[in-house]
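So you can see what is in the structure, the chains are spelled out below.
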Amino acid sequence: MVFCFIKKVTGHVCMKHHDFKTKLPPQQGDIGTVQPEMKIGIAMSGGVDSTACALMLKEKYPVKGFFMHLAQPDFEKQRERVESVAEKLSIELSVIDLRDQFEKAVLNYFTGSYFHGLTPNPCVICNREIKFGLFLDAILGAGMDRMATGHYAQVLEDEKGFHLKTGIDPKKDQSYFLSRLDQKQLGSIVFPLGSKEKEDIFDFVEENGFTHFRGQESQDVCFLEKNQIGSFLDRRKPDGSTGGKIVSTDGKVMGDHTGLFHYTIGQRKGLGVSLGVPAYVTGMDMQRNLLHVDTDPDVLLAAGLEATGVTWHDGPAPASTLRVEAQIRYRSPAATATVEPRGDDGAIVRFDEPQRAVTPGQAVVLYDDDRVVGGGWIDRALPAPERGRR
């Protein structure tokens with residue numbers, strides 16, 4: 001039996017078929033409204049998660065693989081890795097070129113945010129606009145009924161619609177990055193790994209002949225070479241961008257900075273000042289080109305935040321305040337809070353206990369237990385009451 005492996009959308013070469021003794025890991029997750037005759041397009045990266053996703057689904061559904069060409073600095077190496085996995089799985093693979101769209105939707109947002117004193121979250125934007133936007137459209141346009149990815153999250157459906165929930169592995173849950181997906185997107189995707197533990201996934205793929213994945217986690221930001229944000233921004237900085245002064249909370253000059261876009265709220269390392277004790281970035285004055293630092297970490301505590309661009313997964317904004325768990329950055333534990341909707345797309349989030357380094361530009365995601373109920377963009381932190389200086 002021979003399958004055709006599509007190297008690019010416009011051409012193909014043929015690869016040999018491989019047989020697998022596919023053992024599904026325990027507690028295979030619910031994949032929602034997928035029917036046996038439905039065709040599933042699998043977003044492939046050549047990593048362990050998308051490989052496990054393909055292994056699980058290919059035994060039950062007609063599947064094809066799809067790979068995004070974005071701005072990966074090692075694209076050729078990644079493509080070879082994906083091709084190797086697809087060949088071994090004997091599934092057809094298409095490469096979808098989204099470089100121009102990625103540049104406009106993600107890279108321009110990423111750089112523009114830093115140059116305006118914000119700390120962006122490119123994965124949240126990419127998921128909404130590219131991966132589950134244009135890439136999903138391309139997969140459905142290629143005749144697939146659903147798109148599957150290796151994300152650690154769950155989508156459940158009831159009479160009210162589709163609901164995004166956390167993955168059961170708390171160390172790998174990715175619902176934070178998926179929080180801005182809408183009903184149409186949630187209804188078109190499948191997350192087979194949402195009910196799995198990461199360690200079970202490694203065991204599963206190893207049982208099926210893929211023994212090289214351990215220790216090969218993907219990097220945080222796909223378009224950064226070796227995750228070097230500074231050098232990436234230096235190449236794209238606007239004309240006239242210059243360094244400036246680092247000042248303490250009381251206005252004392254502490255040193256020089258190399259450009260405000262090199263820093264983020266709460267940053268401690270790489271400030272270029274030696275004070276004998278740790279110093280933390282507490283703010284940026286874009287008009288005066290000043291970087292504010294303080295040696296008291298409690299200055300970073302915030303009682304809450306104002307959010308803009310807020311979306312609600314269950315329809316219109318709640319008519320009254322809502323008790324939630326609010327997550328202000330990935331891998332940071334969610335904090336119990338009260339959220340007060342403001343206008344069409346705003347909200348005030350007040351924490352039960354002050355939170356550290358609330359950072360404008362980052363996403364805030366609101367949970368009811370394990371279900372995402374909404375989220376938005378952090379506009380500013382609400383200062384905590386004075387606790388006395390150290």
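These figures come from a predicted structure and were not determined experimentally.

Caption draft 1: Summary view of the state of the cysteines. Within the structure shown, the criterion is met by 0 disulfides. With no disulfide of its own, Cys 123 lies closest to Cys 126 among cysteine sulfurs, the gap being 7.0 Å. Cys 126 provides the cysteine sulfur closest to Cys 222, a residue in no disulfide bond, and the two sulfurs are 6.1 Å apart.

Caption draft 2: Spatial organisation of the sheet that holds strand E10 (residues 244-248). Spatial ordering of the open sheet is given by E11-E10-E13-E12, a layout of 4 strands whose pairing is mixed. The sheet is open, and its two edges are formed by strand E11 (253-257) and strand E12 (280-285), each paired on a single side. Within the sheet, the average angular offset between the axes of one strand and its neighbour, ignoring direction, is 30 degrees. Bridge analysis of E12 against strand E13 (residues 290-294) gives 5 bridges, and the strand direction is antiparallel. In the sheet register, Val 281 faces E13, and the bridge partner there is Val 293.

Caption draft 3: Region of interest: unusual backbone geometry. Despite not being glycine, Ser 90 has its phi angle at roughly 60 degrees, a positive value. Tracing the backbone through its elements, the reader meets Ser 90 in the loop between helix H2 (75-89) and strand E5 (93-97). On the basis of relative accessible area, Ser 90 is assigned to the buried category, the value being 5%. The backbone of Asn 289 shows a phi angle near 60 degrees, a positive value even though the residue is not glycine. Secondary-structure assignment places Asn 289 in the loop between E12 and E13.

Caption draft 4: A look at the pattern of salt bridges. Counted according to the given criterion, the structure contains 20 salt bridges. Salt-bridge contacts for Lys 58 lead to Glu 59; the nearest nitrogen and oxygen are separated by 3.6 Å. A salt bridge links Arg 380 to Glu 306; its shortest N-O distance comes to 3.0 Å. With a gap of 74 residues between them, Arg 380 in strand E19 (residues 371-383) and Glu 306 in strand E14 (residues 301-312) connect regions that are remote in the sequence. Ionic contacts of the salt-bridge type, sharing partners, join the residues Glu 199, Asp 203, Glu 206 and Arg 214 into one network.

Caption draft 5: View of the side chain of Asp 173. Here Asp 173 lies in the loop between strand E8 (161-166) and helix H5 (183-186). Arg 331 is the oppositely charged side chain nearest to the buried, salt-bridge-free Asp 173, at an N-O distance of 9.9 Å. Within the structure, the side chain of Asp 173 is placed 3.0 Å from the side chain of Ser 175, a separation counted as a polar contact. Residues in contact with Asp 173, not counting those within four places in the same chain, are Tyr 152, Thr 166, Gly 167, Tyr 330 and Tyr 367.

Caption draft 6: Examining the nonpolar core more closely. By size, the foremost hydrophobic cluster in this structure holds 44 residues, and its most contacted members are Phe 135 and Phe 223. Counting only elements with at least two residues in this core, the list comes to strand E4 (63-69), helix H3 (99-115), helix H4 (122-141), strand E7 (153-158), E8, helix H7 (229-236), strand E18 (363-368) and E19. The leading source of residues in this core is H4, at 8 residues. Among residues more than four places away in sequence, those in contact with Phe 223 are Ala 71, Pro 73, Phe 102, Val 106, Leu 107, Phe 110, Pro 122 and Phe 232. Met 56, Phe 75, Val 82 and Val 205 belong to the second-largest nonpolar core, a separate cluster that totals 33 residues.

Caption draft 7: Spotlight on the pairing of E12. The buried fraction of E12 is high, at 5 of 6 residues. In this structure, the hairpin formed by E12 and E13 is closed by a connection of 4 residues, where Asn 289 is found at a positive phi of approximately 60 degrees.

Caption draft 8: Just the sheet that holds E4, in detail. Spatially, 5 strands are ordered E5-E4-E3-E6-E9 in an open sheet, and the strand pairing comes out parallel. The open sheet has two edge strands with one neighbour each: E5 and strand E9 (189-190). In this sheet, E5 lies alongside E4 in parallel orientation, the contact comprising 5 bridges. Bridging across to E5, His 69 finds its partner in Asp 97. Strand contacts of helix H1 (residues 48-58): strand E3 (40-43), E4 and strand E6 (146-148), with the helix running at about 160 degrees to E3, the strand carrying the most contacts.

Caption draft 9: Looking closely at the packing of H3 against H4. Interaxial distance between H3 and H4 falls to 9 Å at its minimum, and their mutual angle equals 170 degrees. With respect to their mutual orientation, H3 and H4 come out roughly antiparallel. Contacts between H3 and H4 involve Gln 101, Phe 102, Ala 105, Val 106, Tyr 109 and Phe 110 from the first element and Pro 122, Ile 125, Cys 126, Glu 129, Ile 130 and Leu 134 from the second. For the contact of H3 with H4, the class distribution of residues is 10 nonpolar, 1 polar and 1 charged.

Caption draft 10: Structural detail: the pairing of E3. Of the two faces of E3, the one lined by Ile 40 and Ile 42 and the one lined by Gly 41 and Ala 43 are each fully buried. Strand direction decides the pairing type here: E3 and E4, joined by 4 bridges, are parallel. Each bridged residue has a counterpart across the sheet, and for Ile 42 the counterpart in E4 is Gly 65. As defined by bridge partners, E3 adjoins E6 across 3 bridges and the pair is classed as parallel.

Caption draft 11: Geometry of the packing of H1 against helix H6 (residues 198-207). Two numbers describe how H1 lies on H6: the axes approach to 10 Å, and their chain directions differ by 65 degrees. The handedness of the crossing between H1 and H6 is left-handed. Judged by residue contacts, Val 48, Asp 49, Ala 52, Leu 55 and Met 56 of H1 engage Lys 198, Ile 201, Phe 202, Phe 204 and Val 205 from H6. Tallied by class, residues from the contact of H1 with H6 come to 8 nonpolar, no polar and 2 charged.

Conventions and cut-offs
- Residues numbered from 1 in each chain as written.
- Predicted model: local features only at pLDDT ≥ 70, side-chain atom pairs only at ≥ 80, totals over all residues.
- Heavy atoms only, no water.
- Disulfide = S-S within 2.5 Å.
- Pairing = 2+ DSSP bridges.
- Helix = DSSP H or I, 4+ residues; strand = E, 2+ residues; numbered from the N terminus.
- Axes fitted to C-alpha atoms, helices over the stretch in contact; angles between N-to-C directions.
- Buried < 20%, exposed > 50% of the residue type's maximum accessible area, 1.4 Å probe, protein only.
- Salt bridge = Lys/Arg side-chain N within 4 Å of Asp/Glu carboxyl O.
- Lys, Arg positive; Asp, Glu negative; His and termini not counted.
- Polar contact = N/O pair within 3.5 Å; in protein donor to acceptor, adjacent residues only side chain to side chain.
- Contact = heavy atoms within 4.5 Å.
- Core = buried A, V, L, I, M, F, W, Y, C linked by side-chain atoms within 4.5 Å.
- Parallel < 35°, antiparallel > 145°, perpendicular 65-115°, else oblique.
- Nonpolar A, V, L, I, M, F, W, Y, C, P; charged D, E, K, R; others polar.
- Left-handed = near helix turned anticlockwise from the far one by under 90°.

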